[in-house]
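Below, each chain spelled out in residue letters.
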2 protein chains.
Amino acid sequence: MNNFTFYAPTYFVFGKDQENETGKYVKRFGGSKVLIHYGGGSVVRSGLLGRIKASLDQEKISYVELGGVKPNPRSGLVYEGIELCRKENVDFVLAVGGGSTIDSAKAIAAGTIYEGDFWDFYSGKPVEKALPIGTVLTIAAAGSEGSPDSVITKEEGMLKRGASGEGLRPAFSILNPALTQTLPPYQTACGITDIMAHLFERYFTTTKEVEVTDRMIEGLLMTMIHEGPRVIADPDNYEARANIMWAGMMAHNNSCGVGRVQDWASHDMEHELSALYDCAHGAGLAVVFPAWMIYNYKRDVMRFAQLAVRVWGCSMDFANPENTALAGIQCLRNYLKSIGMPGNFAELGAKEEDIPQMAHTAAFGNGGSGAIGGFARLTEEDIANIYRLML
Amino acid sequence: MNNFTFYAPTYFVFGKDQENETGKYVKRFGGSKVLIHYGGGSVVRSGLLGRIKASLDQEKISYVELGGVKPNPRSGLVYEGIELCRKENVDFVLAVGGGSTIDSAKAIAAGTIYEGDFWDFYSGKPVEKALPIGTVLTIAAAGSEGSPDSVITKEEGMLKRGASGEGLRPAFSILNPALTQTLPPYQTACGITDIMAHLFERYFTTTKEVEVTDRMIEGLLMTMIHEGPRVIADPDNYEARANIMWAGMMAHNNSCGVGRVQDWASHDMEHELSALYDCAHGAGLAVVFPAWMIYNYKRDVMRFAQLAVRVWGCSMDFANPENTALAGIQCLRNYLKSIGMPGNFAELGAKEEDIPQMAHTAAFGNGGSGAIGGFARLTEEDIANIYRLML
């Protein structure tokens, strides 16, 4: 196991009706003038925004609003939010929505108190300070409610890039599984896929002797495998939603990723897809991950076999462990298909002719050195080969 | 899953040589005058205390010292520490040691800024505020490095009681697995048992639909089952020590115990044993837990069978799940014996004639209502029956 630090000081409030306590937590964490940031009209129509405003009113906390966050959130709205926060002397940013809204709120919170262009943070500068952030989560997926990360797409050039830093950890996050019950099955499945991807990205490592984090990741994956089909079959299943919601947070707050090399090449490769085709992040990952696995499993057949046996319940082929490794990848494909996820470029609306451009940007775009990934170091050529496996 | 809040804002610094950064973290978390609290001479002889003092000197942080913490830490030393902290205007308490030292440091940190008797906190009053606490952990066991809990024995009457509250969460904890390599096998095994007990106490629940926390607990138990014998056979195995150390923290910071009824009757019953016979807490738990399981498994045979199959790898007896449940309990007995733990009263030095007194104190002592436990509600008579199973 490698040396590490781990610091996750977010206050989680989990369960039914907890959004009605939002005002109390904003106050506890020092907010007196809030930006409420959200996406489309569904949080208005559902009454959620009204309940949150009522709880702020109750604590005599004033607020301004900025809606309009879209999936794959854009830089334009971030600039607008920063300007609004400065003009209105906002001291607390409250995100009401899923990962896109939270990520946009994080960018605004960091940018408001930063003299330069907020995009600096999405070009490699760590975020040490930001306005305090609170979240009321409505989609279990990104894990942004408990992570120090944010992903924004710059409209100029459609660059989808990440920022990171302790300043971006939410002060509090309210997780009410009931708020996710209205999500359509497709979006629910995208969230499930994103959560599983966060686990795979930590699981595939070159670090030896990481049994404790292996076992935690495997446990969270088995939770997703058990709960995913239940919630797709019965969207109102609060209990399945609750298990998925806590798993989604645990999958990405890094308590099960510490002390080990991780591999985020799949996320990088997916970001090219969603930036170019505006597909859902989870849908993109459903196409990318099995291809990434097929391309790379020979680098550590026994790790892939371990995943297949422990998580998917495959039988170990002791004479030929490669068969077991491949069986596990096939189980993942079957699972993703069963919850309604796409399996190839065509189903995603992606085009073969864009592969060279995407491979180049993935390899070099984010200030990259021409190679990405921790478990498997991938060159532009490797990346293009993996994209071709998705055709 | 039940509603819950979860807040674990301890900064963890994990890995080789990290104790040399102690001064930096004391400074970061606001300490300028430190009480260094420790147990016996081993931290002096090993040079650990010297390295920590050097790192405080480097940051120009002054300190006073108080050694002498014993296993099952006593109230007398706590009063002494409180007096010393007040006299010397200490603003930060640094524990160097295992759970006993940390728990004693927590009591001092809470008591120093409290006007009344610190024992109030060990009689049910929640600890909201305390001096900031840092820890340099030398034994993987109690999980106190990441928990809001502390256990102290009051010398008058030998009452062993717990306190709890957000004020008791350490500001930072330094976990260097190499510092645990000098532990004798018996103490190492006691630590392993304590960690596993913390997991069982969360696992046995009446709350339905808790797959995510079930799976995490199971993963941590499997880690302990794998790493325990390795470290007993080879005390210098850094990697096994590292996996156990992180599992020990995760087992007790409650991220895998949220949203579910827990059962701490076994810990209560063990506290009577270690208060009366001054045995190691882990050794007491090794005797208590299998007996508690045998007495209670019929309340939820399928939960015990699930543990047996998923964690111990037992075959499911579908015709008679009770056989599987019992096979799992036997696996635990075999495991504890294999790492050198005692299995009954005689091996522990406990006496049959004390059973009525212990059962009475466990049931009524801690301001109790006469019944303890969340999974199985145990009366004084039940507790006595369970003690008798340990003969």
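Computed from a predicted model, the values in this text were never measured in an experiment.

(A) Expanded view of the overall build of chain A. Summing up its helical and strand segments, chain A has 15 helices and 11 strands in all. At 20 Å, chain A has a C-alpha radius of gyration in line with the 21 Å of a compact globule built from 391 residues. Projected onto its principal axes, the C-alpha positions of chain A cover 70 × 40 × 40 Å. For chain A, the residues scored as buried account for 58% of the 391 residues in total. Across chain A, contacts joining residues at least 24 apart in sequence account for 78% of those joining residues at least 6 apart.

(B) How the structure looks around the domain arrangement of chain A. Residues and elements named next belong to chain A. The domain boundaries assigned to chain A delineate domain 1 (11-179) and domain 2 (182-388). The C-alpha centroid of domain 2 is placed 26 Å from the C-alpha centroid of domain 1. Each partner contributes to the interface: domain 1 provides 22 residues, whereas domain 2 provides 29 residues. Among the elements that line the side of domain 1 that touches domain 2, the one with the most residues is strand β8 (residues 159-164), at 3 residues.

(C) View of the relation of the copies chain B and chain A. Note on the copies: chain B fits chain A at an RMSD of 0.0 Å, the axial shift is 0.0 Å, and the rotation between them is 180 degrees. When the rotation and shift are considered jointly, the pair of chain copies conforms to a two-fold rotation axis. Identified as the residue of chain B closest to the rotation axis by C-alpha distance is Pro9 of chain B, at 1.9 Å. Both copies present the same face, since 100% of the interface residues in chain B are matched by interface residues at the equivalent positions in chain A.

(D) Quick look at the sheet that holds strand β1 (residues 4-6) of chain A. Reading across the sheet, the 7 strands line up as β1(A)-β2(B)-β9(B)-β6(B)-β5(B)-β3(B)-β4(B) and stay open at both edges, with mixed pairing between neighbours. Edge positions in the sheet fall to β1 of chain A together with β4 (62-66) of chain B, since each has one partner strand and no second. The sheet shows a mean angle of 15 degrees between the axes of neighbouring strands, direction not considered. Here strand β3 (residues 33-38) of chain B pairs with β4 of chain B via 5 bridges, running parallel. By the bridge assignment for β4 of chain B, Lys33 of chain B is matched with Ser62 of chain B.

(E) Looking closely at the interface of chain B and chain A. With 36 residues of chain B in contact, the opposing surface of chain A contributes 37 residues. When residues of the side of chain B that touches chain A are traced back to their parent elements, those giving at least two are β1 (4-6), β2 (11-14), α7 (211-233) and α8 (238-252) of chain B. For the side of chain B that touches chain A, the leading source of residues is α7 of chain B, giving 11 residues. Broken down by class, the residue content of the side of chain B that touches chain A amounts to 19 nonpolar, 10 polar and 7 charged. Sheet topology places strand β2 (residues 11-14) of chain A next to β1 of chain B; 3 bridges connect them, and they run antiparallel. Of the residues in β1 of chain B, the one forming a bridge with Val13 of chain A is Thr5 of chain B.

(F) Up close: the packing of helix α14 (residues 355-364) of chain B against helix α15 (residues 380-388) of chain B. Residues and elements named next belong to chain B. Between α14 and α15, whose axes approach to 8 Å, the crossing angle comes to 135 degrees. Classified by the interaxial angle, the pair formed by α14 and α15 is oblique. In the packing of α14 onto α15, the handedness of the crossing is right-handed. Between α14, through Ile355, Pro356, Met358, Ala359, His360, Ala362 and Ala363, and α15, the contact on the second element is made entirely by Glu380, Ile383, Ala384, Tyr387 and Arg388. Among the residues making up the contact of α14 with α15, the classes are represented as 9 nonpolar, 1 polar and 2 charged.

(G) Quick peek at the nonpolar core. Formed by 266 residues in total, the largest nonpolar core has its most connected members in Val93 of chain A together with Val93 of chain B. Apart from the residues within four sequence positions on either side, Val93 of chain B is in contact with Leu35, His37, Ala105, Ile108, Ala109, Leu131 and Ile133 of chain B.

(H) Main features of the pairing of strand β5 (residues 92-97) of chain B. Residue and element names in this part refer to chain B. With 6 of its 6 residues buried, β5 lies for the most part within the structure. Burial along β5 is two-sided: Phe92, Leu94 and Val96 and Val93, Ala95 and Gly97, pointing in opposite directions, are all buried. By the bridge criterion, 5 bridges tie β3 to β5 in an arrangement that is parallel. When the sheet's bridge partners are listed, Tyr38 is paired in β5 with Val96. In the sheet, β5 pairs with strand β6 (residues 133-137) via 5 bridges, with the strands oriented parallel. Within β6, the residue paired with Gly97 across the bridge is Leu137.

(I) Seen up close, the pairing of strand β7 (residues 149-154) of chain B. Residues and elements named next belong to chain B. Among the 6 residues in β7, 5 count as buried, and that is most of the element. Relative to strand β8 (residues 159-164), β7 runs antiparallel, the two sharing 6 bridges. The residue of β8 that forms the bridge with Thr153 is Lys160. Count of turn residues in the β7/β8 antiparallel hairpin: 4 residues, of which Gly157 carries a positive phi of about 90 degrees.

(J) Main features of the sheet that holds β1 of chain B. What the 7 strands build is an open sheet, ordered β4(A)-β3(A)-β5(A)-β6(A)-β9(A)-β2(A)-β1(B); its pairing is mixed. Every interior strand has two partners, whereas the edge strands, β4 (62-66) of chain A together with β1 of chain B, have only one. On average, each strand axis in the sheet is tilted by 15 degrees relative to the strand beside it, whichever way the strands run.

(K) Expanded view of helix α4 (residues 75-88) of chain A. All names here are of chain A. In this model, α4 (14 residues) spans 20 Å end to end at C-alpha, consistent with the 20 Å of a helix rising 1.5 Å per residue. When we look at burial in α4, the residues that qualify are Ser75, Leu77, Val78, Gly81, Ile82 and Cys85. In an axial view of α4, the angular spread of the buried residues amounts to 155 degrees, which keeps them on one side of the axis. Residues of α4 that are buried in the fold lie against β3 (33-38), β4, α5 (99-112) and β7 (149-154). Trailing α4 by a residue or two, Asn89 shows a phi angle of about 55 degrees, which is positive.

(L) Inspection of the environment of Ile174 of chain A at higher detail. Residues and elements named next belong to chain A. When you line up the elements, Ile174 lands in strand β9 (residues 172-175). We classify Ile174 as buried; it has 26 C-beta atoms within 10 Å. Separated by 156 residues in sequence, Ile174 and Gln18 place their C-alpha atoms 6.6 Å apart. Beyond its immediate sequence surroundings of up to four residues, Ile174 is in contact with Val13, Gln18, Glu19, Thr22, Thr135, Val136 and Leu137.

Reading guide: rules and limits
- Residues numbered from 1 in each chain as written.
- Chains lettered and ligands numbered in written order.
- Predicted model: local features only at pLDDT ≥ 70, side-chain atom pairs only at ≥ 80, totals over all residues.
- Helix = DSSP H or I, 4+ residues; strand = E, 2+ residues; numbered from the N terminus.
- Rg over C-alpha atoms; globule rule 2.2 N^0.38 Å.
- Buried ≥ 20, exposed ≤ 12 C-beta atoms within 10 Å, placed from the backbone.
- Contact = placed C-beta atoms within 7 Å.
- Domains from an automatic or database assignment.
- Least-squares fit on C-alpha atoms with pLDDT ≥ 70 in both.
- Pairing = 2+ DSSP bridges.
- Axes fitted to C-alpha atoms, helices over the stretch in contact; angles between N-to-C directions.
- Nonpolar A, V, L, I, M, F, W, Y, C, P; charged D, E, K, R; others polar.
- Parallel < 35°, antiparallel > 145°, perpendicular 65-115°, else oblique.
- Left-handed = near helix turned anticlockwise from the far one by under 90°.
- Core = buried A, V, L, I, M, F, W, Y, C linked by C-beta atoms within 7 Å.
- Expected span 1.5 Å × (residues − 1).
- Arc of directions from axis to C-beta.

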